[in-house]
Structure formats: structure tokens, C-alpha cells
Amino acid sequence: MNFLAVIGRVVLRFLEQLGRFTLFTLTSVSHCVRPPIFPRLIGRQMIDIGYYSLPVVGLTAIFSGMVLALQSYTGFARFNAESAIANVVVLSLTRELGPVLAGLMVAGRIGASMAAEIGTMRVTEQIDALTTLSTNPYKYLIAPRLIAGLLMLPLLVLVADIIGVFGGYIVGVYKLGFNPNVYLSNTIDFLEPIDVISGLVKAAVFGFIIALMGCYNGFNSKGGAQGVGSATTNAVVSSSILILVFNYMITELFFSV
Amino acid sequence: MSTPPKIHLENVCKSFGPKDVLTGIDLDIAPAESVVVIGGSGTGKSVLLKCVLGLLTADSGTIEVDGTDITHVAANDRDETNKKFGMLFQGGALFDSIPVWENVAFGLIQGSGMSRADAKERSIETLAKVGLSKDVGALSPAELSGGMQKRVGLARAIAGSPEIIFFDEPTTGLDPIMADVINDLIVACVKDQGITALSITHDMASARKIGDRIAMLYHGKLIWIGAADDVDHSSNDYVDQFVHGRADGPIHMELRR
């Protein structure tokens, strides 16, 4: 087979995919900002994404905070720098671990369920049915999910930050024998607003990415159960990778000198 | 034909990649007429329907509804035409996240902006027309049998008082008695209310019962159109073979040996 033809075909297919994805994103976003919007649907998605993810995100956060305190203690004790532990815990959580871990957990939970739900609607012609009932599927299915993802992830991350710091506090005070007041003041004194804000911005971007990849893969799934299955996988994998990529880029934006 | 046609198709072509599915469809459907398109599996019956609905865009040719050219208007951008349409999908395509009554009322609430209370009343009236009681309205679509799902689908299609209804294999997957019940309902809902109907099916009993005229789709073209009563003596070998369900004849199924 002609080697160049193979390369050409791969590139063409990639560009076609990229174009389709870009078009999908633009159409979806335009439906997010144009009336009518569906408050009921947005509300339901917000409960799904925000409220029902709380246990998962909370558990992730508390153990991350605890292990951060423990690890940094064993490391920092070598330099007699134990007093920096509270600071390390809160900075790592608000800037990095809060948004990234919450994002990855929600990608697994929400991204997968969005792709599966919308994918099933696609293969059972429910999306076609929406259209014939004069309801734009972008407006009805996708815009509410994007808006809810964008709004709920920052809230989740804020909660995760607080729970994570609490986890660090438990280990610091009850296991490592810090004075509670000193630990808390160490936590708060060196914390700048930008640390929290950058984390929340990340969270909003991640929430958008999760919802977008879930919807895109579900919306374009074809071929029955197997198609829905691979749409689900693709949604989780692609959103997880994009989260890590965007995490670096946003950090670069905020903190590079 | 003296009255202008409700639906006018002229030389409609559609292909997917190298595969030509429709190669020039000409069809006029008069107001209040019921046309049934018959043809084997995979001959493009569904594609034809979806082109008229706007879920697929024809490559060339003209599709007019009430004299308006809608060939190149995507389904999401043609609200006015969509309001004239009702569609019964092959698998029902009921929305499984909402109860039956809301399914039936969906087009009224989302499409026409009717209040939920009014729409519910209308939905229960419509359910009664297809022989389903008020209690069924509270169930979720997954709790219904296949025949009931079809009836709910029919109720949803007629709830918005459409001028044109499309039926995609209305009797497929039903036992002969339930199939006849559905046929009777279609006749009652469509013929008696002067609705224009375009159906696709390979069930000859259904085609004879619900169609005024029958058209046979073969190799991307309508090779025979005639009154439903004439289908048994069409003097067309292809139609003859299909109507009598014979494996031998001019039509060869593409089987791999």
C-alpha cells in the first residue's frame, strides 16, 4: 500500500474530526448564551454534578490532605522545616490537587454517565425525536450540562479545598502533635487569594471540559451498545487527558514569571 | 393532480461515501393522502424519511412541503415546518428520563410553550385516543410493553395536531394482533382526521391497510407507484416478488456465499 496515501488519509481524518469537534463546541456554546434557557434542566444537572459528587470528591480530598501532611512531614523533618507543612498542604490543595483530583473523579463519574446517557439517546433515535418535536438537542441536552459543569466544579473544588485542609489538620494535630492554633494560623497566613482563585478557574475549565467531552462523545456515538461503550471510554479518557494538559497551561498562565 | 401536493420530492439523491442509497426519488403526496413506501431491509427507506424530516440532508434534488423548499434547511433551523410534522419512530424513541404523559406532552411544552397543566390534560386526552388509560401516563416508558410503547409513540406524534405524520415501520416487532390494533389506530388517527401520512414498512398487511397508495423502493429509486388495491396485480415482477415474499425473482438479496 502507498505509504504517503496512508499518512494523508490519517491526517485528513484527524482534521475532519477536529473540525467536527470545533463546530460542535461552537454550536453548543452559542446555545448556552442564547435564550431560551432551561432552568429546570440546568438545576437537575447541577444536582447531579455537584451534590451527588460530594461524597466522592470529599473522600478524595480528605485523604489527599492527610497524606500530604504525612508525606511532607517525613520529608521536611530532614531539613527541620516541619513548620512549613500546613503551608504546603494548603497550597498544594488549592492550586493543584483540589481541582485536578476533583476534576478526574468527576470526569469518571459525570463524563461517563453523560456519554452513556446521550449516546443511548442517540442510538435509540431519541435525539432525532427531540428534533422532530421542535426541540433543539443542543439547547435541551448539551447546554444545560455545559452550564452546570462550568458552575458546579468550582463549588465542588472549594468544598474539596476545605475538606482537604481539614484532613491535613487532623494528621498534623492528632498524629504529628502540632498545636492546633499554630497549624491553622500557618495555613491561613501564607495563603494568597490568587492561590484559591487560580484553583477555581481551573475547576471551571475542567467542569466545562468534562461536560463537553461527555456530550460530544455521546452525541456522536453510533452502532448500538458497543458504540455507547466506546463513547463512554473516550469521554473519560479524553477529558482526563485534557484536564491534565489544561492544568499545566492554566498554571503557566497564572504563575509563570 | 389538480391540488398542489403537500409533499413534493423531485430527483432526491443521497449517498454515504461511495454508497449511493437514493438515486433519484420522485414522489408527490396530496393533502390527506397516505402513501406507504415498501422495500427490503437496507434499501434506504429510513434515509428517505430522514431526508424529508431534515435529520439528513439530501445531496441533490428538491424537497418541498406546502410549496416551501426545505431541502437544505437543517431540521434544527426549521421550526415552522417541524410544527407541521409528527413522527412515529421504529423503536418508539420515547424519552426514558420522563414519565409517559410528559413524553406525549413534550412537543406541546417544549415546542409550543404550553403550560404544563394544560399540556398534561391534553396528553391524557391523546393517550385515551390510542386506548391508554390515565394511569399509564404516570408510568415510565421502560415499564411499558412494546405495543404500548408504540401507542405512546403514536400519541406523541399526534399530540401536536400535525398536518403530516411519518411512520417508520409502525408494526415491526409486534405480534399480528397488536400490529392490526396499531394499524387501526393509525387509520383512525390519520385518515379520519385528514392528516397526510408517509409511512415506510415491509409489512404488507400494514401497507395495504394504512396506505392509499403504495410505492416500492428498489436500488435507490421508486420503481412502482400505484393504488394500494393494485399492489397484488401490479404486473411488475419486483413488486410481485416482494408482495408475495418469494426468495426467487428479479430481486437478489446481497448475500455472501
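As the structure is a prediction and not an experimental result, all values here were calculated from the model. (Residues numbered from 1 in each chain as written. Chains lettered and ligands numbered in written order. Predicted model: local features only at pLDDT ≥ 70, side-chain atom pairs only at ≥ 80, totals over all residues. Heavy atoms only, no water.)

What about the nonpolar core?
Next, step 1: L9(B), L22(B) and F166(B) are the most contacted members of the largest nonpolar core, which has 76 residues in total.
Next, step 2: It is helix α6 (residues 137-175) of chain A that contributes the most residues to this core, 13 residues altogether.
Next, step 3: Discounting chain neighbours no more than four positions away, the residues touching L9(B) are I25(B), D26(B), L27(B), D28(B), L48(B), V52(B), T62(B) and I63(B).
Next, step 4: By size, the runner-up hydrophobic cluster in this structure holds 42 residues, among which are M178(B), L185(B), C189(B) and A197(B). (Core = buried A, V, L, I, M, F, W, Y, C linked by side-chain atoms within 4.5 Å. Buried < 20%, exposed > 50% of the residue type's maximum accessible area, 1.4 Å probe, protein only. Helix = DSSP H or I, 4+ residues; strand = E, 2+ residues; numbered from the N terminus. Contact = heavy atoms within 4.5 Å.)

Looking at a nonpolar patch on the surface
Residues and elements named next belong to chain A.
Next, step 1: Together, F3, L4, I7, V11, F14, L15 and L18 give the surface a local cluster of nonpolar side chains, amounting to about 730 Å² of exposed area.
Next, step 2: Positionally, F3 belongs in helix α1 (residues 3-33).
Next, step 3: Classification of F3 by relative accessible area gives exposed; the value is 60%. (Patch = residues over 30% accessible without salt bridge, like charges linked within 9 Å, V, L, I, M, F, W, Y side chains within 5 Å. Areas by Shrake-Rupley, 256 points an atom, 1.4 Å probe, with all protein chains shown as cover. Salt bridge = Lys/Arg side-chain N within 4 Å of Asp/Glu carboxyl O.)

Examining helix α1 (residues 45-53) of chain B
Next, step 1: Most of α1(B) sits inside the fold, with 7 of its 9 residues counted as buried.
Next, step 2: At the C-terminal side of α1(B), G54(B) shows a positive phi close to 90°.

Description of the interface of chain A and chain B
Next, step 1: Between chain A and chain B, the contact holds 19 residues from the first and 25 residues from the second.
Next, step 2: Between chain A and chain B, roughly 1800 Å² of surface is buried when both sides are summed, and carbon and sulfur atoms account for 55% of that area.
Next, step 3: Taken together, the connections running from chain A to chain B amount to 2 salt bridges.
Next, step 4: Of the charged contacts, one joins K50(B) and D128(A) as a salt bridge, the two residues approaching to 3.6 Å between their closest N and O atoms. (Buried area = accessible area lost by both parts, 1.4 Å probe.)

Focus on the side chain of K139(A)
Residues and elements named next belong to chain A.
Next, step 1: For K139, the location among the structural elements is in helix α6.
Next, step 2: Overall, the relative accessible area of 10% leaves K139 in the buried class.
Next, step 3: Residues in contact with K139, not counting those within four places in the same chain, are H31, R34, P35, P36, F38 and P144.

Focus: helix α2 (residues 39-49) of chain A
Residue and element names in this part refer to chain A.
Next, step 1: Listed in full, the buried residues belonging to α2 are L41, I42, Q45 and I49. The arc that holds the buried residues of α2, viewed along the axis, is 100°, so those residues lie on one side. Exposed residues lying more than 90 degrees from the buried face of α2 are P39 and R40.
Next, step 2: Summarising the contacts, the buried residues of α2 are in contact with α4 (85-123) and α6. (Arc of directions from axis to C-beta.)

Topic: the confidence of the model for chain A
Next, step 1: A residue-level look at chain A finds 99% of positions with pLDDT of 70 or above and a mean pLDDT of 89.
Next, step 2: When mean pLDDT is taken per element in chain A, helix α8 (residues 193-219) of chain A scores highest with 92 and helix α7 (residues 180-189) of chain A scores lowest with 86. (pLDDT = per-residue confidence, 0-100.)

Some remarks on the sheet that holds strand β2 (residues 19-29) of chain B
Residues and elements named next belong to chain B.
Next, step 1: What the 4 strands build is an open sheet, ordered β2-β1-β4-β5; its pairing is antiparallel. The open sheet has two edge strands, β2 and β5 (68-69), and neither has a second partner.
Next, step 2: Alignment of strand β4 (residues 60-65) against β5, held across 2 bridges, turns out to be antiparallel. Within β5, the position partnered with E64 by the bridge is D69.
Next, step 3: Docked against the sheet, α1 engages β1 (7-16), β2 and β4, running at close to 120° with respect to β1. (Pairing = 2+ DSSP bridges. Axes fitted to C-alpha atoms, helices over the stretch in contact; angles between N-to-C directions.)

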